[in-house]
Amino acid sequence: MLCIRAFRGGCRGREAAHFLPRLASTLAGGKNRFLSSKISVAVEELEPSSDSPNVDEIPLQQPISQSPVWSWNEWDPLEEVIVGRAEGATIPKFTVEVKANTYEKHWGFFTKCGGQQFPADHMRKAVAEIEEFCNILEHEGVRVRRPDPVNFSDVYTTPDFESPGLYAAMPRDILLVVGDEIIEAPMAWRSRFFEYRAYRRLIKEYFNQGAKWTTAPKPQMSDALYDQNYPMNSVEERHKLAAQGKFVTTEFEPCFDAADFIRAGCDVFAQRSQVTNFMGIEWMRRHLAPKGIRVHTIGFKDPNPMHIDATFNIIGPGIVLSNPDRPCYQIDMFKQAGWTVIHPPTPLIPDDHPLWMSSKWLSMNVLMLDPKRVIVEKEEHTTRKMFEKLGMECVPVSIRSANSLGGGYHCWTCDVRRRGNLESYFNNVDLE
């Protein structure tokens, strides 16, 4: 039998796995606050699945030592990681999906420079920062792997669209590891359609050494996937649509970025966002159900969601960073389960620092080396103090220039191997 530990007592946030169907039921109870009533798959996703096996009955598929890929959560001791590359990064064309995911103050930059490479001086700094980041990871005992260099300014054509690429900077966006399986996300931006090619050498290596390898259905990315009339200027209208579960991506076909999923052992939490639709979440739910993994959709008061890990970042068993500017609609469920909910301090990144594709909240986009060590931005002094008060050792690094490409330490990495087993992290509480 697969080694799964389910704790009824002791460490905060762990319980026997038979309480988890009630968790799914509770999540279903809050769905109307953020799901569109027209999307039946979203409603079905939150109900306990009859085809999901009891985690105690999952047969052994592969001993831990035989697969180079092994990770069930965001905090077990990190042994191997993929770190992205800034080389070859290209400014995306100003298409409807890019406009919906970027801030108005940068729209002129995308309109004027789309298809060109990012500013050379800025990229030289970003490359140097990421190299130093890799050196620090290796010094901390982590094996570092890198994607292949690619010139993403080359234009490609499909039957449905033409586009240059973007980059291979954020492996978290395209790769999700669950146990001994590595899943390639289909993505939602046209500029990211062929991004997987930079990682194929590594993935084939992992596969040949015993890992499972899954590629999610590739979307056509025709005009039907995008709401061409999605409102861009009214934050109030976006809040209203987000509460209904409506975003720039439609339900024409499954699409998702891997960074809209965050793992906590037997439970994976996902958000409907500008790049992840309900069909994509439903695909993931059905795919992971045979492993005994339950995928739950949670929502946030966020008019422009894209990737969950700068909004809701699980950093340990029963511990989550929750963005105070984007409150989670289901946060009471986590509190009732005995979790510690921490609101990180306001980011300190200067207003004039270019963040072309993200907000300042990359300050909470941290990478856990283990439950007591965390990679954190060196200049975010208040965030470092927060971790120190939690009894964690901060490993300070600076990637301010690399942040400009849209990611922090969690985004810039994909943890391939963490030392640990599949566990459940919810207390025995009344979740009705």
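Worth saying up front: this structure is predicted, and the values here are computed from it rather than measured.

(A) Just helix α11 (residues 381-389), in detail. Buried residues of α11: T383, M386 and F387, and no others. In an axial view of α11, the angular spread of the buried residues amounts to 95°, which keeps them on one side of the axis. Among the exposed residues of α11, those oriented more than 90 degrees off its buried face are K385 and K389. Looking at the buried positions of α11, the neighbouring elements they touch are β12 (312-316), β13 (319-322), β14 (340-342), β16 (373-377) and β17 (393-397). Count one or two residues on from α11 and you reach G391, which has phi positive near 80°.

(B) Seen up close, the packing of aromatic side chains. Applying the stated criterion across every chain yields a total of 24 aromatic pairs. Between F334 and F426 the ring centres are 6.3 Å apart and the planes differ by 45°, which places this aromatic pair in the tilted class. With F334 in helix α10 (residues 331-336) and F426 in the segment after β19 (422-424), the pair connects residues that are 92 residues apart, well separated along the chain. You'll find F334 and F426 in the same group, each marked buried. Here the guanidinium or amino end of K218 rests over the ring plane of F193, the centre of that ring lying 4.8 Å away. Cation over ring: R272 sits above F278, and NZ or CZ is 5.5 Å from the ring centre.

(C) Just the side chain of E253, in detail. Assignment of secondary structure puts E253 in the loop between α8 (235-243) and β9 (261-264). Of the side chains bearing the opposite charge, R190 lies closest to the buried E253, which forms no salt bridge; the N-O distance is 8.3 Å. A distance of 2.9 Å separates a polar side-chain atom of E253 from the backbone nitrogen of Q220.

(D) Layout of the pattern of salt bridges. Under the defined criterion, the tally for this structure stands at 30 salt bridges. In this structure, the salt-bridge partner of R263 is E74, at a minimum N-O distance of 3.0 Å. On the criterion of sequence distance, the pair formed by R263 in strand β9 and E74 in the loop between α2 (40-45) and β2 (78-83) is long-range, its members being 189 residues apart. The exposure class assigned to R263 is buried, which follows from its relative accessible area of 2%. Each of E74, R172, R263, D415 and R418 takes part in a single network of salt bridges with overlapping partners.

(E) Broad picture of unusual backbone geometry. You will see that M221, though not glycine, has its phi angle at about 55°, which is positive. Counting through the fold element by element, M221 comes out in the loop between β8 (212-215) and α8. The class of M221 is buried, set by a relative accessible area of 0%. The phi angle at H307 is positive, at roughly 80°, despite the residue not being glycine. Note on placement: H307 falls in the loop between β11 (294-297) and β12. Classification of H307 as buried rests on a relative accessible area of 8%.

(F) Quick look at the environment of R400. With respect to the helices and strands, R400 occurs in helix α12 (residues 400-403). Look at R400 and you get buried, because its relative accessible area is 13%. The spacing of R400 and A126 is 274 residues in sequence and 7.7 Å in space, taken between C-alpha atoms. Leaving out residues up to four positions away in the same chain, R400 has contacts with E129, L348, I349, H353, E377, E379 and E380.

(G) Just the side chain of E195, in detail. Topologically, E195 is positioned in the loop between β7 (181-184) and α7 (200-208). With residues near it in sequence (within four places) discarded, E195 still touches F152, Y167, A168, M170 and I174.

(H) Representation of the sheet that holds β17 within the structure. If you walk across this open sheet you meet the three strands as β15-β16-β17, and the pairing is mixed. Of all strands in the sheet, those with a lone pairing partner are β15 (367-370) and β17, marking the two edges. Averaged over all pairs of adjacent strands, the angle between strand axes in this sheet comes to 30°, irrespective of strand direction. Strand direction decides the pairing type here: β16 and β17, joined by five bridges, are parallel. Bridge pairing links E377 to V397 in β17. On the sheet, helix α5 (residues 120-139) packs against β15, β16 and β17 and is oriented at approximately 150° with respect to β17.

(I) Geometry of the pairing of β16. Across the five residues that make up β16, a large majority, five, are buried. Taking every second residue as pointing to the same face, both faces of β16 are buried, with R373, I375 and E377 on one and V374 and V376 on the other. Alignment of β15 against β16, held across three bridges, turns out to be antiparallel. Residue M368 lies in a different strand from β16, and its bridge partner there is V374. Here β15 folds back onto β16 in antiparallel fashion, the turn holding two residues. In this region the chain leaves β16, passes through α11 and returns to the parallel neighbour β17; the handedness of that crossover is right-handed.

About the thresholds
Residues numbered from 1 in each chain as written. Predicted model: local features only at pLDDT ≥ 70, side-chain atom pairs only at ≥ 80, totals over all residues. Heavy atoms only, no water. Buried < 20%, exposed > 50% of the residue type's maximum accessible area, 1.4 Å probe, protein only. Helix = DSSP H or I, 4+ residues; strand = E, 2+ residues; numbered from the N terminus. Arc of directions from axis to C-beta. Contact = heavy atoms within 4.5 Å. Phe/Tyr/Trp six-rings, centres within 6.5 Å; stacked < 30°, edge-to-face > 60°. Lys NZ or Arg CZ within 6 Å of the ring centre and 35° of its normal. Lys, Arg positive; Asp, Glu negative; His and termini not counted. Salt bridge = Lys/Arg side-chain N within 4 Å of Asp/Glu carboxyl O. Polar contact = N/O pair within 3.5 Å; in protein donor to acceptor, adjacent residues only side chain to side chain. Pairing = 2+ DSSP bridges. Axes fitted to C-alpha atoms, helices over the stretch in contact; angles between N-to-C directions. Right-handed = clockwise from strand over helix to strand, strands pointing away.

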